[in-house]
Amino acid sequence: MHLENDILHEVEAAKESDRAADRLIQAYLPFIKAETAKFLRRPPIEGQDDELSIALMAFHEAIHGYSRLRGAFLRYAAMLIRSRLIDYSRREKKHSGVLSIDAKDREEEQSLAETLSSPEDFAESGALREATRQEIEELRQQMEDFGVSLSDVADNCPKQRRTLDACRKALSYAHDHSELMEEFLRTKRLPLTALSEGSGAERKTLERHRKYLVALLLIHTNGYEIIRGHIKQVLKGGEAQ
């Protein structure tokens, strides 16, 4: 706990001073390199791997985007680094098609078109799966502290549009009132009365979907970038807030 408090003080100082931010980045350079190595599945090479530069910028972004509501700073920074590296990898794959799709690979004697269907040829696929697995495991462990499991969330998900809209209103109200989020994280209990009165959603509706609301609040306050992106795609009408 003492170490985490020290980091939080350093992060707050880094938000106010570029020099302090540089010192913090330098101090945690081994951590940044380790997270990059997890993604690359090998140690990064300074001056040669663009991924290390992306990770450094992501760490700097984490400094300025961090709040105590996001949980531990280093866990938040690690997830943001993974997310930015995955985004970079996707962009590179998208724009790297300068060769003809029918051009043969010199060693494999296969065309690019023939290799596109092989997931093992894309480092991104493995990295994305691993990053997603880590996020899901971290979320599972955190939800356990709130008495909620992944299967609970699946069973408790709203089925009707009207109910989903009511939950969204409550989530949006919680996001706009940091004191409610702090109470939620501190007590590990959903402030149903405050959410109902503030959002206009019926308390009974929110109570029936308490486990779903707990999961969504945790996902949106603790840097689960990949899971949030998946939710945006699955739920029509934009972000589930």
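Thresholds applied
- Residues numbered from 1 in each chain as written.
- Predicted model: local features only at pLDDT ≥ 70, side-chain atom pairs only at ≥ 80, totals over all residues.
- Heavy atoms only, no water.
- Helix = DSSP H or I, 4+ residues; strand = E, 2+ residues; numbered from the N terminus.
- Contact = heavy atoms within 4.5 Å.
- Areas by Shrake-Rupley, 256 points an atom, 1.4 Å probe, with all protein chains shown as cover.
- Core = buried A, V, L, I, M, F, W, Y, C linked by side-chain atoms within 4.5 Å.
- Buried < 20%, exposed > 50% of the residue type's maximum accessible area, 1.4 Å probe, protein only.
- Expected span 1.5 Å × (residues − 1).
- Salt bridge = Lys/Arg side-chain N within 4 Å of Asp/Glu carboxyl O.
- Axes fitted to C-alpha atoms, helices over the stretch in contact; angles between N-to-C directions.
- Parallel < 35°, antiparallel > 145°, perpendicular 65-115°, else oblique.
- Nonpolar A, V, L, I, M, F, W, Y, C, P; charged D, E, K, R; others polar.
- Phe/Tyr/Trp six-rings, centres within 6.5 Å; stacked < 30°, edge-to-face > 60°.

Visitor: Explain the overall build of the chain here, please?
Guide: Secondary structure assignment for the chain yields 14 helices and zero strands. Each helix and strand of the chain, ordered N terminal to C terminal, gives the series α-α-α-α-α-α-α-α-α-α-α-α-α-α. Across the chain, every contact between residues at least 6 apart in sequence was considered, and the portion connecting residues at least 24 apart equals 63%. In the structure as shown, the chain presents an accessible area of about 14,200 Å², 49% of it carried by carbon and sulfur atoms.

Visitor: Mind showing me how you'd approach the nonpolar core here?
Guide: In globular proteins that are soluble, nonpolar side chains generally tend to be buried together. By size, the foremost hydrophobic cluster in this structure holds 31 residues, and its most contacted members are F184 and L190. Going through the elements one at a time, helix 7 (123–145), helix 9 (161–176), helix 10 (178–187), helix 11 (192–199) and helix 13 (210–221) are the ones with two or more residues in this core. In terms of residue count, helix 13 provides more of this core than any other element does, eight residues in total. Listed in part, the 29 residues of the second largest apolar core include V11, F31, A58 and L80.

Visitor: What's the story with helix 4 (residues 50–65) in this structure? I'm lost.
Guide: Because an α-helix packs 3.6 residues into every turn, residues spaced three or four apart end up facing the same way. Taking 1.5 Å of rise per residue, 16 residues should cover 22 Å, and helix 4 covers 22 Å from first to last C-alpha, within 8% of that figure. Where helix 4 is concerned, the buried positions are E51, L52, I54, A55, A58, F59, A62 and I63.

Visitor: Would you take a moment to explain the side chain of N156 for this structure?
Guide: Here N156 is to be found in helix 8 (residues 150–156). Excluding residues within four positions of it along the chain, N156 makes contact with R208, H209, R210, K211 and Y212.

Visitor: Would you mind showing me how to read the pattern of salt bridges here?
Guide: Any two side chains of opposite charge can pair if their charged atoms end up close together. A complete count under the given rule lists ten salt bridges for this structure. One salt bridge connects K211 with D152, and the closest N-O pair in it is separated by 3.6 Å. With a gap of 59 residues between them, K211 in helix 13 and D152 in helix 8 connect regions that are remote in the sequence. K211 gets classed as partly exposed once you look at its relative accessible area, which sits at 27%. For E207, the salt bridge goes to R203, with nearest N and O atoms at 3.7 Å.

Visitor: Where do I start with the packing of helix 10 against helix 13 in this structure?
Guide: Between two packed helices, both the angle of their axes relative to each other and the distance between the axes serve to describe the pair. Two elements in contact, helix 10 and helix 13, have axes whose closest approach is 12 Å; the angle formed by their N-to-C orientations is 110°. By the angle class used here, helix 10 and helix 13 are roughly perpendicular. In this structure, helix 10 uses M181, F184 and L185 to contact helix 13, whose residues at the interface are V214, L217, L218 and T221. Counted by class, the contact of helix 10 with helix 13 contains six nonpolar, one polar and no charged residues.

Visitor: Would you mind showing me how to read the packing of aromatic side chains here?
Guide: How two aromatic rings sit relative to each other is given by the distance of their centres and the angle of their planes. Within this structure, the stated rule accounts for six aromatic pairs. On the numbers, 6.2 Å between centres and 65° between planes, the contact of F31 with F59 is edge-to-face. Highlighted residues: F31 in helix 3 (residues 29–40) and F59 in helix 4, separated in sequence by 28 residues. Accessibility assignment for this pair places F31 and F59 in one class, buried. Look at F146 and F184: their rings are 5.0 Å apart centre to centre, the planes differ by 35°, and that puts the pair in the tilted class.

Visitor: Sorry, what's going on with helix 3 here?
Guide: Spanning twelve residues, helix 3 covers 16 Å between terminal C-alpha atoms, matching the ideal 16 Å at 1.5 Å per step. Among the residues of helix 3, those classed as buried are L29, F31, I32, E35, T36, F39 and L40. At the exit of helix 3 stands R41, carrying a positive phi of roughly 65°.

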